[in-house]
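As a plain string of letters, each chain reads:
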Amino acid sequence: MTEQGTPVRQTNPFAAVADADGLVLDVPEYQARFERDHAACTEPMWKLERAQVFYEPDVASWRAMMDGDWGRSLALIERVAGPLADYFRHRQPVRRVRVVELPVTAYLQWEMHILALRARAGSPCRTVPAERVAALDPLPELVIFSPSLMYEVLYDRHGGGSGGRRITDAEVVGPCLRAVRGLFDEGEEVGAFHEREVVPLPPPVITDEMRAALPAYAHRTEEFRV
C-alpha cells in the first residue's frame, strides 16, 4: 500500500465509459444478466464505488438505519454474515475499491459495516481517499467481470439502482480493469479503515430530507447486493 492521500498520476481510462456502446438494461434485466454472468465467472470480479450516498431500500438493515434504529441496523447486518459466506463459497469473490470522503456520510457509515462483513466472508475491499482519484472524477460506478465485460451500474437522482449498461468493448473495459486493479493495490484494507474511522462514530443522523424519497422504493425486494 502506498502513502494515502497522494493523487493518482495516470491517464483517465474511465473517461471513455460514458461514450462506449453498451446494452442498457432495466433493474430486472440487469439483475438477471448480472447473476448469469457471475455464475459463469471463472476469475474474481472487480467493483468500483465512488458515490457517497446510495439508497438501499431492499436491505432491511438500511431501512432500520433510516428509521433511526441504529442498534437494530447493526444487528441485522450481522444476520447476513451466514448468507454472504455461503454466497461467496459458490461464486467468485468481488474485489471492491471503495472511494471515501471524510467525514463519512450516513450511508457510508452504514455501508462500511457491510463491507467489513463482506471482507470477512471472502469478498475483499480496499478504501481509497477521494483526493487520490480527484483527477479521474467523475468516476462511473463499475462492475468488471473480465477484460472484455463490465457493467456501468446506473442510479436515479436519489442514488437508487435503476439498472445497468453491459459493455463488451475490450478497448474500453481493459484499461478500466487495469486502473481498478491499480487502485485496489494502493488502497487500505477495509477492516483497518472501518475500525479506525467508523467503529468509534455515534449513530448516523438521518434527516427528513433523506427519508422523503423512501416511498418511491417500496417495490424493492432484494436482501443484499453483490
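Right above here is the structure, for reference.
So, here's what we can say about the structure. In this text, all values refer to a predicted model and were calculated from it rather than measured experimentally. (Residues numbered from 1 in each chain as written. Predicted model: local features only at pLDDT ≥ 70, side-chain atom pairs only at ≥ 80, totals over all residues. Heavy atoms only, no water.)

1. Examining the pattern of salt bridges
Working definition: two side chains of opposite charge can pair if their charged atoms are close together. Applicable threshold: Salt bridges are defined by distance alone: a side-chain nitrogen of Lys or Arg within 4 Å of a carboxyl oxygen of Asp or Glu. Strands here mean DSSP runs of E at least two residues long; helices mean DSSP runs of H or I at least four residues long; both are numbered from the N terminus. Summary of the burial criterion: residues with accessible area below 20% of their type's maximum are buried, those above 50% are exposed, and those between are partly exposed, where the area comes from a 1.4 Å probe applied to protein chains only.
Tallied over the full model, the rule gives 15 salt bridges. Of the charged contacts in the structure, one is a salt bridge between D86 and R89, with a shortest N-O distance of 3.5 Å. Of this pair, D86 and R89 both sit in helix 4 (residues 81-89), 3 residues apart, roughly one helical turn. Assessed through its relative accessible area of 37%, D86 is described here as partly exposed. Residue R89 is classed as exposed on the basis of its relative accessible area, which comes to 60%. For the salt bridge of E186 with R132, the shortest nitrogen-to-oxygen distance reads 3.5 Å. With E186 in helix 6 (residues 170-186) and R132 in the loop between strand 4 (125-129) and strand 5 (142-146), this pair connects stretches of sequence that are 54 residues apart. On the basis of relative accessible area, E186 is assigned to the partly exposed category, the value being 25%. One network of salt bridges, in which partners are shared, links E49, R96, R98 and E111.

2. Overview of the packing of helix 3 (residues 70-79) against helix 5 (residues 106-121)
Keep this limit in mind: Inter-axis angles, ranging from 0 to 180 degrees, are taken between N-to-C directions of lines fitted to C-alpha atoms, where helices are fitted over the stretch in contact. In what follows, roughly perpendicular refers to angles from 65 to 115 degrees, roughly parallel to angles under 35, roughly antiparallel to angles over 145, and oblique to any angle outside these ranges. Two helices crossing with the near one rotated counterclockwise from the far one by less than a right angle form a left-handed crossing, whereas a clockwise rotation gives a right-handed crossing. Note on contacts: a residue pair qualifies if any of its non-hydrogen atoms lie within 4.5 Å across the two residues. Following the grouping adopted for this structure description, the nonpolar residues are Ala, Val, Leu, Ile, Met, Phe, Trp, Tyr, Cys and Pro, the charged ones are Asp, Glu, Lys and Arg, and the polar ones are all others, Gly among them.
As a packed pair, helix 3 and helix 5 sit with axes 10 Å apart at the nearest point and diverge in direction by 20°. Comparing their axes, helix 5 and helix 3 come out roughly parallel. For helix 3 against helix 5, the interelement crossing comes out right-handed. Residues W70, S73, L74, I77 and E78 of helix 3 form the contact with helix 5, whose own contacting residues are Q109, W110, H113, I114, L117 and R120. Tallied by class, residues from the contact of helix 3 with helix 5 come to 6 nonpolar, 3 polar and 2 charged.

3. Re the pairing of strand 7 (residues 161-167)
Applied cut-off: Strand pairing is assigned whenever DSSP detects at least two bridges linking the two strands.
In terms of burial, strand 7 is largely enclosed, as 6 of its 7 residues are buried. Here 3 bridges tie strand 1 (residues 23-25) to strand 7, and the two strands are oriented antiparallel to one another. Bridge assignment links L23 to a residue of strand 7, and that residue is R166. Here strand 6 (residues 149-155) folds back onto strand 7, and the loop between the two strands holds 5 residues, one of which, G159, carries a positive phi near 100°.

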